Amino acid sequence: MALDERITEADEQAFLDSIGRWLEQKVAPVAARYEQADDYPQELVDDMVEMGLFGALIDPKYGGLGLSAVTYSRIGARISEEWMSLTGFFNSHLMMAIIVQKYGSDAQKDYWLPKFASGELRGGLALTEPGAGTDLQGISTVARRVGDQYVIDGAKLWITNALEGDCLAVLVKTNPESQPRHAGMTMLICPTRNMETRASLPGIDRGRKLPKLGYRGVDTGEIGFSGYACDAAMSLVGDQEGQGFYMATGGLEIGRINVAARGVGIARRALKEAVAYAQVRQTMGKPIAQHQAIQLKLGEMAAKTRAAELLVDDAAKAYDTGRRVDLEAGMAKYFATETAFEVATEAMRIFGANGYSKEYPIERLYRDAPLLMIGEGTNEMQRIIIARQLIARNPV
């Protein structure tokens, strides 16, 4: 059911306002401390669970909020204005949930989605490996069917919620010799933790937390599978082998829209900070905002930020129709994330030495932005996807 059948614009604005108050009262005072220490922000994650953000896109019949992609993208942008890392916790989780919601059997939906919506189980999407990133078909993690179980061996890398999470949607090969390669790929929902003892399940090796330039505070890590066994009936998404590649790319659509929205948030904050700073910092007897060189920067920053907002809104609206949106999501992701990096860089130039200081938010925005050009499919790949979709949609 579409958002506009349940929630009015006033309801949406009230929800966004409540998130804004939370960001101002709870997040702003502690974000720098958590970010600089690269500490897991447990209290803020708990708040997001309580607000229902881990069930934001899950159908209300399973206990979720059932928000539209439009509202969801606006939430992501707003949170990213304050601290982008927070969006990663629930977005990765929801990519896992969307795969079950779109492709799972009725029994799997009934079992998993209420737990995902409530935050009882939190997790993410395990696609990337040491030797496979954008080329998903190059994965080497293997799952063998043994009776009523799947036994998994392999390793995943750059996984959000890897260390603190409880469950993962894991892309594996059930037929490594299959041609084309994607025909042998399967998606499994894999619990990683005993929920009573909080210990990792047998066969799960939680590796190191990866040190990162930005996107700090998030438990981005390694997960190893060594003889790990999971129940086939509840784990094999849709009760079908060989469909994992399509499920993964379908889940990445909403992920790309979210990443694009994060770019909008970073660009907005950088622009806001630059506009304010340019009016109080003086050189040559006047505010630098009165210098044409700074005005040229601000004008371009503002135009690109607004264009990014519109592209993200367009992609989210297209997603809400239920059709594939590779083109729209790709354009939004590419442009908004490039804009985030450009605007953050120009803001740092406007701030000068102060932009390089941890006493101002610019350096964090500058460090967070590059990830967006890489995650959920590199921007080089987005341009290829855009071109292919243009050709496919406009045959001669």
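Attention in this report is confined to the structure presented alongside it. (Residues numbered from 1 in each chain as written. Predicted model: local features only at pLDDT ≥ 70, side-chain atom pairs only at ≥ 80, totals over all residues. Heavy atoms only, no water.)

**Here's the deal with the environment of Gly-154**
Formally: Starting at the N terminus, helices and strands are each numbered in turn, a helix being any DSSP run of H or I of at least four residues and a strand any DSSP run of E of at least two. Buried, partly exposed and exposed residues are distinguished by accessible area as a fraction of the type maximum, computed with a 1.4 Å probe on protein chains only: under 20%, between the cut-offs, and over 50%, respectively. Throughout, a contact is declared for two residues whenever any of their heavy atoms are within 4.5 Å.
Summarising the element assignment, Gly-154 is placed in strand S3 (residues 149-159). The partly exposed category is assigned to Gly-154, whose relative accessible area is 26%. Between the C-alpha atoms of Gly-154 and Gly-227, which are 73 residues apart in sequence, the distance is 9.0 Å. Residue contacts for Gly-154: discarding those within four places in its chain leaves Thr-141, Ile-223, Gly-224 and Phe-225.

**Regarding helix H8 (residues 244-280)**
We count it as follows: Here, expected helix span is obtained from the residue count minus one, scaled by 1.5 Å. Throughout, bend refers to the angle between the axes fitted to the seven residues that end at a position and the seven residues that start at it.
Helix length check: H8, at 37 residues, gives a terminal C-alpha distance of 54 Å against a target of 54 Å (1.5 Å per residue), a fit within 8%. At Glu-253, H8 shows its maximal kink, close to 30 degrees. The element H8 is largely enclosed, with a buried count of 30 among its 37 residues.

**Observations concerning the packing of aromatic side chains**
Cut-off, in case you're wondering: Side-chain rings of Phe, Tyr and Trp (the six-membered ring for Trp) are treated as a pair once their centres are within 6.5 Å; stacked means planes under 30 degrees apart, edge-to-face means over 60, and tilted covers the remaining angles.
Under the definition given, this model contains 11 aromatic pairs. Considering the side-chain rings of Tyr-34 and Trp-83, the 6.4 Å spacing of their centres and the 10 degrees angle between planes classify their relative orientation as stacked. You can see Tyr-34 sitting in helix H2 (residues 31-37) and its partner Trp-83 sitting in helix H4 (residues 69-83), a full 49 residues away along the chain. For the pair shown, Tyr-34 and Trp-83 are each scored as buried. An aromatic cluster is built from Tyr-111, Trp-112 and Phe-116, whose rings are joined through pairwise contacts.

**Considerations on H4**
With 15 residues, H4 ought to run about 21 Å at 1.5 Å a step, and its terminal C-alpha atoms sit 20 Å apart, in line with that. Within H4, 13 of the 15 residues are buried, which leaves the element mostly enclosed by the surrounding structure.

**Regarding unusual backbone geometry**
The omega angle of the peptide bond from Gln-179 to Pro-180 is -5 degrees, so this bond is cis rather than trans. With respect to the secondary-structure elements, Pro-180 resides in the loop between strand S4 (167-173) and strand S5 (185-191). Non-glycine residue Asn-161 carries a positive phi angle of around 70 degrees. With respect to the helices and strands, the residue Asn-161 is situated in the loop between S3 and S4. A positive phi is found at Asp-239, a non-glycine position, where the angle reads about 60 degrees. You can see Asp-239 is positioned in the loop between helix H7 (232-235) and H8.

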